[in-house]
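# An overview of the molecular structure
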Amino acid sequence: MNHTFANDVLEGLSAENKQLSSKYFYDDNGSRIFQEIMNMPEYYLTNAEFEILSLQSKQIYKALQFNTPFNIVELGAGDGFKTYKLLEFLIRNKVDFNYVPIDISQEAMDILTKRLNERLPSLNVKPKVGDYFEILKQNKQSDYPSLLLFLGGNIGNYQEEKAIELLNLFHDNMKLGDKLLTGFDIKKNPIIIHNAYSDKFGITKRFNLNLLLRINKELNANFKLDDFDFYCHYNPITGDVKSYLVSLRQQTVEIKALRKCIHFDYNELIWTELSKKYSLDDIQNMAEASNFNLVTNFLDCKHYFTDSLWEKLV
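Residues numbered from 1 in each chain as written. Predicted model: local features only at pLDDT ≥ 70, side-chain atom pairs only at ≥ 80, totals over all residues. Heavy atoms only, no water.

## Brief notes about the packing of aromatic side chains
By the definition in use, this model includes 21 aromatic pairs. Each ring, one from Phe184 and one from Tyr278, has its centre 5.0 Å from the other, and the planes form 85°; the classification is edge-to-face. Of this pair, Phe184 sits in strand β5 (residues 179–185) while Tyr278 is found in the loop between β10 (269–276) and α11 (280–289), placing the two residues 94 residues apart along the sequence. Just as Phe184 is buried, Tyr278 falls in that class too. Seen from their ring centres, Phe228 and Phe264 are 5.4 Å apart, and the 85° between their planes marks the pair as edge-to-face. Within this pair, whereas Phe228 is found in strand β6 (residues 228–235), its partner Phe264 is found in strand β9 (residues 260–264), the two being separated by 36 residues in sequence. Considered together, Phe228 and Phe264 belong to a single accessibility category, that of buried residues. Grouping aromatic residues by their ring pairs yields a cluster made of Phe25, Tyr26, Phe34, Tyr43, Tyr197 and Phe207. In this structure, Lys18 is placed above the aromatic ring of Phe264, and the distance from its NZ or CZ to the ring centre is 5.1 Å. (Phe/Tyr/Trp six-rings, centres within 6.5 Å; stacked < 30°, edge-to-face > 60°. Helix = DSSP H or I, 4+ residues; strand = E, 2+ residues; numbered from the N terminus. Buried < 20%, exposed > 50% of the residue type's maximum accessible area, 1.4 Å probe, protein only. Lys NZ or Arg CZ within 6 Å of the ring centre and 35° of its normal.)

Take a look at the structure:
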């Protein structure tokens, strides 16, 4: 049993306002469902970032200003779909680097490694499965400078204080002169954002409900998925998209591994995810708050998304 998962589930579902952390979405099944989400036409984030990494790889490489071989360390690499275009550009231009994808899903890493070995056989891939920061600590000992990739708008899953804390942890585990390329979803028409997170085919609903399936499987619980629905809300002023599971009746769920029964009222909510959207000023402020220098923002043509390049100077 994963004790961290068990403790977080117990704490979250015992709280007055119930919640489950979105970091637990990505078991093997969750990772597969998220691939479906990324393929939805409404989910603009994937295409916007793919455009940036496809059309601006040369500009990104020049902005790194690395004069020696270097490491590209990708946190939460998944299937590597977007990163592939950057890797392909570097290989084609005979740039000397190592690619170190990191993910918590062994299945995702196996698939990614196999695909890259087939499509970019000269790429030096060193996949890692596990905790980001344990692996980053090892990478900090490397003689080579590093580019950290934290793509896909994942920083938006953290409340501001936690986001700054995470960015400071990245900073602490980087060497002077290392770079961070991190994705930010930009504030835009609220209808576009709402449609991306409340799709008509129910894929996002299935993604959220998979959290309950995971609890059933790993903690021997008896959640009935038909007794829960999904709801999300976007606040264009704060930039917050919040997602919830909704209990459709009064019910009690037994979680045998925790020796605990959890009661749900009719229409009670479980908060599952925050996905924050940012202005360019917000991004500048976050860089400063976490002791980075913002080098430049790489934007897609619609200005829906940016991959922001930061440097560790102190």
